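Listed below are the residues making up each chain.
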Amino acid sequence: MLKTIILLTDTVQQQQPLANLLREHNRDLAFCSALRASDLSAIEADVLSEARLVSFAADVAVPEKFLLRLGYGAYKFYAAPTQYPGLPPAPDDSDEDPRCYSVIAQSMTIWPDFKKVVGLETVTIPDGTVPAERERLVFSRLAHLFWQMSGMIAGETTDMPAIIGAGESQRPTLAMMN
């Protein structure tokens, strides 16, 4: 039985709103907060078998041993420019700011071939948008994707359904992205 959600976030301010949203779907959930890999290693081992890790906008490498102990899997929510899928842009590659981003929910596994995309949306940034507004637009779409998936995240499902499954060579279609 899923008892605990481990929230790995970029800032401490993100923890409570995410926990409140998930608690709306499952009042019995307990939450562990983490900002760094060292926070994850401080979580008691007996908690992990009935836990799910959710990484939201956090750029933290999760240790393999930790992922293997989770009873309900691990999922990360992140944004990436579409011209650099899965990777942040190299700072010297272009003077232009990207106009299109993907916000992605993806399973986290130690085996790359078994990762799967479970949520995907695209965000097109209007011309002339200042960097702070671009960041706000992308972050709000990421939060919206999390909100849409919150019922599944807080639920008993041990493996969320894939939009793009592990090992599939299928390219996402426009319908999948929106």
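Engineer: I'd like to hear about the overall build of the protein chain, residue by residue, with values.
Structural biologist: A tally of regular secondary structure across the protein chain gives six helices and six strands. Mapped from its N terminus to its C terminus, the protein chain presents α and β elements in the order β-α-β-α-α-β-α-β-β-β-α-α. Going through the 178 residues of the protein chain one by one, you find that 40% of them count as buried. Contacts in the protein chain between residues at least 24 apart in sequence constitute 62% of all its contacts with a sequence separation of at least 6. Total accessible area on the protein chain is roughly 10100 Å²; 53% of this is exposed by carbon and sulfur atoms.

Engineer: Can you tell me about the confidence of the model for the protein chain, naming the residues and giving the values?
Structural biologist: Across the protein chain, the average pLDDT comes to 85, with 82% of residues at 70 or higher. A low-confidence stretch, residues 168–178 (pLDDT under 50), is modelled with 14 contacts involving residues beyond four sequence positions or located in other chains.

Engineer: How would you sum up unusual backbone geometry? Please name residues and give values.
Structural biologist: Non-glycine residue A57 carries a positive phi angle of around 55°. Following the sequence through the fold, A57 ends up in the loop between strand 3 (51–56) and helix 4 (64–69).

Engineer: Got a sec to walk through the pairing of strand 1 (residues 4–9)? Specific residues and values, please.
Structural biologist: Among the six residues that make up strand 1, six are buried, leaving the element largely enclosed by the rest of the structure. Side chains T4, I6 and L8 of strand 1 all project onto a buried face; the interleaved residues I5, L7 and T9 project onto the opposite face, where all are buried too. Note that strand 1 and strand 2 (residues 30–34) share five bridges and pair parallel. Looking across to strand 2, one finds that I6 is bridged to C32. Taken together, strand 1, helix 1 (residues 15–23) and strand 2 form a β-α-β motif whose crossover is right-handed. Sheet analysis places strand 1 next to strand 3, joined by six bridges and oriented parallel. Considered in strand 3, the bridge of I6 is made with L53.

The rules behind each value
Residues numbered from 1 in each chain as written. Predicted model: local features only at pLDDT ≥ 70, side-chain atom pairs only at ≥ 80, totals over all residues. Heavy atoms only, no water. Helix = DSSP H or I, 4+ residues; strand = E, 2+ residues; numbered from the N terminus. Buried < 20%, exposed > 50% of the residue type's maximum accessible area, 1.4 Å probe, protein only. Contact = heavy atoms within 4.5 Å. Areas by Shrake-Rupley, 256 points an atom, 1.4 Å probe, with all protein chains shown as cover. pLDDT = per-residue confidence, 0-100. Pairing = 2+ DSSP bridges. Right-handed = clockwise from strand over helix to strand, strands pointing away.

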